[in-house]
Amino acid sequence: MALYSILLIGVPIAVAATAVVIGVAGVRNYLRELRGPQE
Amino acid sequence: VRTLDWIFVCLYFGLLVVIGAQSVRRVRSSDDFAVAGGRITWPILFATVAASFLGGGSAMGNAGNVYKDGYVFMFAFCAFGVQIILVGRFMVHRLRRYEGAHTVGDVMEVHYGRGARLVTGALSLGVCAGILGGQILAVGTLLDTLFGISPLTGILIGMGVVLLYATFGGMWAVVQTDVLQFVVLGVFVPLALLIGLARVGGPHALVAHLPADHLTFLGEWTLPAFIGTFVTFLLGETLTPPFTQRAFSASTPEVARRGYLVSGVFSLGFYFITASIGLVALVLYPGIETDQALPTIVARLLPVGVAGLTVAALLAVIQSTASSYLNSSAIVFVKDIYVPFVRPDAGDRHRLLVQRIVTLVVGVAAVGFAIAAPSIIDAFVLAFNLWAPTVVLPLIAAVVWGLRSPAAGLASMLAGGGMSAFWYWGLHEPHGVSSIIAGVAANAVVFAAAYAVAPRRARLVRPEDVSLAMEGALR
């Protein structure tokens, strides 16, 4: 039960944190692409 | 759904349009349109792979089935994530040897000849149309449930923007919007679970109110039923066109491998979240229709603002999958059918133009069928069931072991497809064995037999010979 409780709260937080980190990387990549073609 | 929710949904649509419009000027060649110039870094590849295969089935479908059967469905559904992990571990870096390839047909021709490319191209189109059609219907249902607007209007709103950015921006636009959609779905779907869990009273209260069999590994399923479903999910979507295309889009083999592995692991977490939302819905709203589990949580439970953002997240789940399959259908048509068999002398500008026209035509046709004749979409969804029994094992044999035999390739594809169709329509899937499993078995047996009796000359394409073989296969 303890493990299940940890998963129920921990997994959503981990998934959301991952999405935020990827979002930051995505914005940086997007801005780099906007500045011009990458060779 | 209230005004603030509408504002957030409109904001999400606005961002899609802006990103799509910015991507148009990045597309200068058919290579840019098909594989984004082959320059995608691993976090972006991770996001686009995850956003593409986390579709309506992973969110609404998983939540609804877990509402009905318990976690057993989620454990079976995890086969999709396991498949992505296995492909990432054993295949994607090998796919990168096929320089200049954009489609599964490009690889199949090297090992099994032009006939195999044509069959693979036709099947790829069927798969793309089936999954695209399914997502379009899901957009209509979702907006109907949450906003009370007609499915027709919902489909036109939800798919109009997708058509726009996929047609003009190609893979560049699809990848950039995938990242936005990944972030939206990755943040707000988990938030919906946490809010639902708090409303139930926490994990202990959730467990106390659930039927015991909803929390066990097998629930009320039998072990053979579980294994059958798991294998069907494991093979059903393996290396379908958008995922092969993404392997070719990565900047290096290591980027491809890492992107796939991480997105496979991420998907397991996402399945757990949508499954648990299904259980929260069962406790809070018993007696609703199973496929309404997740939409009901959004509509009735979430506070103003968060509800709008979660609607955007669910739209993101569906639209990212739809745009990926829409883009792939155009690439497959041009690379596997139009150029090899209709216009071998087509220049790059002509290819790019045809890719854009096909994207628009397929998108409009799919929306039209979804609105006017959903049974045609059902037919394409059935075509999706032919993918694993025909293409997957010969593709694995080609990419992992380098096997080459046009006779074995074509014979096994026909046998697998034929067996799968007969098992489904002729025998009506006896003993609960799915047509995919029966077809894959026939495919494997015929491939092994035909390969064993094939002439011994040139039965392998060695890794160092792939480039040479590609020059012959690619136009």
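Now for a quick tour of the structure. Source: prediction; values computed, not measured.

Cut-offs applied
- Residues numbered from 1 in each chain as written.
- Chains lettered and ligands numbered in written order.
- Predicted model: local features only at pLDDT ≥ 70, side-chain atom pairs only at ≥ 80, totals over all residues.
- Heavy atoms only, no water.
- Helix = DSSP H or I, 4+ residues; strand = E, 2+ residues; numbered from the N terminus.
- Buried < 20%, exposed > 50% of the residue type's maximum accessible area, 1.4 Å probe, protein only.
- Contact = heavy atoms within 4.5 Å.
- Buried area = accessible area lost by both parts, 1.4 Å probe.
- Salt bridge = Lys/Arg side-chain N within 4 Å of Asp/Glu carboxyl O.
- Polar contact = N/O pair within 3.5 Å; in protein donor to acceptor, adjacent residues only side chain to side chain.
- Nonpolar A, V, L, I, M, F, W, Y, C, P; charged D, E, K, R; others polar.
- Phe/Tyr/Trp six-rings, centres within 6.5 Å; stacked < 30°, edge-to-face > 60°.
- Lys NZ or Arg CZ within 6 Å of the ring centre and 35° of its normal.

Re unusual backbone geometry
Residue and element names in this part refer to chain B.
In step 1: The backbone of L239 shows a phi angle near 50°, a positive value even though the residue is not glycine.
In step 2: Within the secondary structure layout, L239 lies in the loop between α11 (223-236) and α12 (241-249).
In step 3: Taking the relative accessible area as the measure of exposure, L239 reaches 2% and is therefore buried.
In step 4: For H428, which is not glycine, the phi dihedral falls at a positive 55°.
In step 5: With respect to the helices and strands, the residue H428 is situated in the loop between α19 (406-426) and α20 (435-453).

Description of the interface of chain B and chain A
In step 1: Contacts between chain B and chain A engage 36 residues on the former and 25 residues on the latter.
In step 2: Summing both partners gives a buried area of about 2400 Å² for chain B against chain A, and 76% of it is carried by carbon and sulfur.
In step 3: Summed over the three residues of chain B that lose the most area to chain A, namely R26(B), P203(B) and F272(B), the buried surface amounts to 18% of that side.
In step 4: Where chain B touches chain A, the interface holds zero salt bridges.
In step 5: Taken together, the links from chain B to chain A amount to one residue pair in polar contact (both at pLDDT 80 or more).
In step 6: At the level of elements, α1 (3-24), α3 (42-53), α9 (151-200), α10 (203-209) and α13 (253-284) of chain B are the ones that each hand at least two residues to the side of chain B that touches chain A.
In step 7: Each residue belonging to the side of chain B that touches chain A can be placed in one class, and the counts come to 25 nonpolar, seven polar and four charged.

Observations regarding the packing of aromatic side chains
Residue and element names in this part refer to chain B.
In step 1: Summed over all chains, the structure comprises 25 aromatic pairs over all chains.
In step 2: Relative to Y338, the ring of F333 lies with its centre 6.1 Å away and its plane at 25°, an arrangement referred to as stacked.
In step 3: Here F333 falls in the partly exposed class, since its relative accessible area comes to 26%.
In step 4: We classify Y338 as buried; its relative accessible area is 14%.
In step 5: Look at Y424 and W425: their rings are 5.2 Å apart centre to centre, the planes differ by 85°, and that puts the pair in the edge-to-face class.
In step 6: Looking at Y424, the relative accessible area reads 29%, which means it is partly exposed.
In step 7: An aromatic cluster is defined as three or more aromatic residues linked by ring pairs; in this entry it consists of F73, F77, F80, W221, F233 and Y271.
In step 8: It is R26 that lies over the ring of W172; its NZ or CZ is 5.0 Å from the centre.

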